[in-house]
Amino acid sequence: MAKIKFLDEETINQIAAGEVIERPASVVKELVENSIDAGARKILVEVEDGGKSLIKVTDDGCGIDGQDLPLAFKQHATSKISGAHDLAAIRTMGFRGEALSSIASVSRRLAVFTKTREAKVGTYLLIEKAATLELKEAGCPAGTSIAVFDLFYHIPARRKHLRGGEAELAEIADLITELAIINFGISFELFTGRRTIFKSIRSQSWDDALFRVFGLQTSRALLPFRAKGKGWNLEGMAGDLLNTRSSPDRIFIYINGRPVAAKALMSGYREAYRNLIPVGRSPIGVVSLRAEPRLVDVNVHPAKREVRLLQEEEISGALTQAVSSAIRTEARPPEKKLKAMPPEMPLDIGSGEQSTLPLEPSGQIALVSPAASPKARILGQVLNLYIVAEGEQGLMLIDQHAAAERISFERLQERYRTMMISQELAVPVTIELTPSEQILLEAWKETLEEMGFEIAPFGGATYQVRAVPAIGSRLESPQALHDVLKDLFSLGKVGASATAKEEILKLLACRGSIKSGVELDSGGMKRLLKDLFACNNPLTCPHGRPVMVVIDRGQLETLFQRR
Ligand code: ADP
Ligand code: MG
């Protein structure tokens with residue numbers, strides 16, 4: 001019997017939706033991009049429960065003709081291209097004609113009001129489970145409003161995979177801000193039914209959007225740059241050397257107005273900052289490439305997140321150059337700026353004298369008095385990471401970072417237990433948060449307070465930090481605060497449970513501890529060991545990795561084949 005048959009339309013749609021619609025933010029992306037393609041000057045996005053129960057996008061664009069409307073929800077129905085020849089020169093955000101049909105197939109219900117500018121009356125369409133329930137004339141303003149109810153209603157496995165409302169909302173906020181920067185000619189608003197999360201006003205340049213995304217201080221410090229070549233030109237804003245992040249998530253890259261993950265441009269951009277900002281840090285910035293369509297292939301990824309770019313070495317090289325000269329020609333001398341930067345690995349322990357344990361030319365190791373602990377005689381440090389000591393059982397190797405983590409973790413635990421975790425900052429620090437970070441801060445508010453943070457809104461994107469968990473002096477720069485908040489947010493769920501608190505303490509302990517690669521002087525090593533031996537559990541770090549390894553006489557004898 002024949003086994004192969006064609007799939008029905010609903011199944012096809014659901015399969016396509018699997019690729020395009022991953023989460024509420026993907027629905028928002030598709031709807032907003034349609035609004036942009038429709039020539040909207042104003043786009044309003046309303047969401048409830050992080051978009052899980054409702055996503056509504058309203059625009060004042062060209063609208064959809066009443067007769068076309070049901071067609072718009074058919075797979076591969078599009079007004080944007082008419083054949084393969086058009087694929088080579090796409091100037092719209094959409095062209096695959098599968099977003100609306102996909103969204104309809106993975107939501108419980110979808111309602112559309114739309115009217116073209118010429119039409120006297122608009123059209124209303126109600127779709128449930130991909131079938132048209134209602135189609136009728138309706139009075140509505142020119143433009144289109146599409147409401148999507150209960151995403152993944154019929155697909156519990158997908159629904160279960162979604163994160164909490166706040167986390168999904170943060171993702172939507174990131175998406176809107178990303179689109180608002182490059183589409184500065186459009187006013188955007190993201191509204192949750194209770195509050196406006198983000199709002200930009202249509203203008204001639206991206207300055208307004210940048211100010212709303214980055215905050216006043218940060219956006220003021222951005223430096224413009226430009227470059228061009230045959231068939232392409234680059235424009236952008238480079239972040240200053242003081243404003244760095246722990247990840248490149250605030251470098252916005254666009255190709256022909258489309259936000260993309262373009263590896264070559266990303267590394268070209270970051271290259272300009274190499275040796276100017278600390279290793280492991282990332283600048284912020286905006287890069288917009290306009291290239292002739294023949295240089296760009298956007299048809300390589302269902303969500304169009306990735307694109308292929310011809311001449312990418314040439315373009316990214318030019319990008320590096322342009323950014324380098326923008327950040328170097330800045331008036332302020334770089335030395336002064338670098339000095340103002342928080343030291344990459346500040347030392348709490350042993351920061352007094354910076355001398356290392358002197359290694360005598362004779363090869364003899366200078367010994368430190370055994371006072372560190374009754375049980376250990378410190379011999380030195382190797383690889384700027386391990387402390388070498390002689391203990392009662394033999395040779396001891398101690399991982400300095402793991403040890404420091406264990407010590408701070410137990411201290412923090414104790415302070416948390418006795419409600420002494422908060423430490424007021426001598427000078428409050430102001431930080432600027434993006435809209436999505438503001439959402440997460442709000443969601444984490446209680447937990448943050450309980451962990452000793454005191455953070456209050458200070459107008460616009462600015463927040464003032466008055467107190468932080470007592471982990472030494474490591475949380476006194478906006479940068480360090482940003483990093484620790486980001487780490488916290490990425491823990492995912494806002495937990496109230498004891499294990500969640502413990503996770504946070506571990507994270508803080510890690511942030512507050514000396515890292516590997518730091519030279520320790522003898523006093524520093526001594527103190528570290530003394531503190532370590534005072535711990536309840538000196539043998540493992542909070543993440544469960546060993547803090548020390550002992551090689552006893554027997555093992556040494558085996559190693560040297562004495563036995
Ligand atoms: P695509 O954007 O790839 O063409 P979609 O499924 O997203 O495919 O949309 C199908 C069609 O519906 C579009 O080509 C467009 O003609 C119409 N459409 C969708 N959204 C809007 C809107 N907000 N305003 C005007 N037309 C729209
Ligand atoms: Mg589309």
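Before reading further, recall that the structure is shown in the block above.
Residues numbered from 1 in each chain as written. Chains lettered and ligands numbered in written order. Predicted model: local features only at pLDDT ≥ 70, side-chain atom pairs only at ≥ 80, totals over all residues. Heavy atoms only, no water.

Novice: Where do I start with the site of ligand 1 in this structure?
Specialist: The environment of ligand 1 is made up of 20 residues, and the closest members are Asn34, Thr78, Ser79, Lys80 and Gly97. For ligand 1, an oxygen atom lies 2.8 Å from a polar atom in the side chain of Asn34. In this structure, a nitrogen atom belonging to ligand 1 sits 2.9 Å away from a side-chain N or O atom of Asp59. Here ligand 1, which alone exposes 540 Å², has 93% of that area covered by the protein. When the residues that make up the shell around ligand 1 are grouped by side-chain class, the tally is eight nonpolar, eight polar and four charged. (Near = heavy atom within 4 Å. Polar contact = N/O pair within 3.5 Å; in protein donor to acceptor, adjacent residues only side chain to side chain. Areas by Shrake-Rupley, 256 points an atom, 1.4 Å probe, with all protein chains shown as cover. Nonpolar A, V, L, I, M, F, W, Y, C, P; charged D, E, K, R; others polar.)

Novice: Got a minute to help me understand helix α8 (residues 207–214) in this structure?
Specialist: What sets the pattern is the α-helix's 3.6 residues per turn: residues three or four places apart point alike. Along α8, the residues classified as buried are Asp208, Ala209, Leu210, Val213 and Phe214. Of the residues trailing α8, Gly215 is marked for its positive phi of about 95°. (Buried < 20%, exposed > 50% of the residue type's maximum accessible area, 1.4 Å probe, protein only. Helix = DSSP H or I, 4+ residues; strand = E, 2+ residues; numbered from the N terminus.)

Novice: Please explain the sheet that holds strand β21 (residues 422–432) as it appears in this structure.
Specialist: In any sheet, the strands associate via hydrogen bonds between backbone groups, in a parallel or an antiparallel arrangement. Taken in spatial order, the three strands make up an open sheet running β21-β23-β22, and their pairing is antiparallel. The sheet is open, and its two borders are formed by β21 and β22 (454–457), each paired with just one other strand. If you compare each strand with its neighbour and ignore which way they point, the axes differ by 15° on average. Here β22 pairs with strand β23 (residues 462–469) via four bridges, running antiparallel. Note on β23: the bridge partner recorded for Pro457 is Tyr463. Strand contacts of helix α15 (residues 478–489): β21, β22 and β23, with the helix running at about 90° to β21, the strand carrying the most contacts. (Pairing = 2+ DSSP bridges. Axes fitted to C-alpha atoms, helices over the stretch in contact; angles between N-to-C directions. Contact = heavy atoms within 4.5 Å.)

Novice: Is there a simple way to think about the packing of helix α14 (residues 435–450) against α15 in this case?
Specialist: Geometry of a packed helix pair, given as the angle between the helix axes and the separation of the axes. Where α14 contacts α15, the axes come no closer than 10 Å and their chain directions differ by 80°. For the element pair α14 / α15, the angle class is roughly perpendicular. The segment α14 lies against α15, with Glu437, Leu440, Leu441, Trp444 and Leu448 engaging His482, Leu485, Leu488 and Phe489. Of the residues in the contact of α14 with α15, the class split is seven nonpolar, one polar and one charged. (Parallel < 35°, antiparallel > 145°, perpendicular 65-115°, else oblique.)

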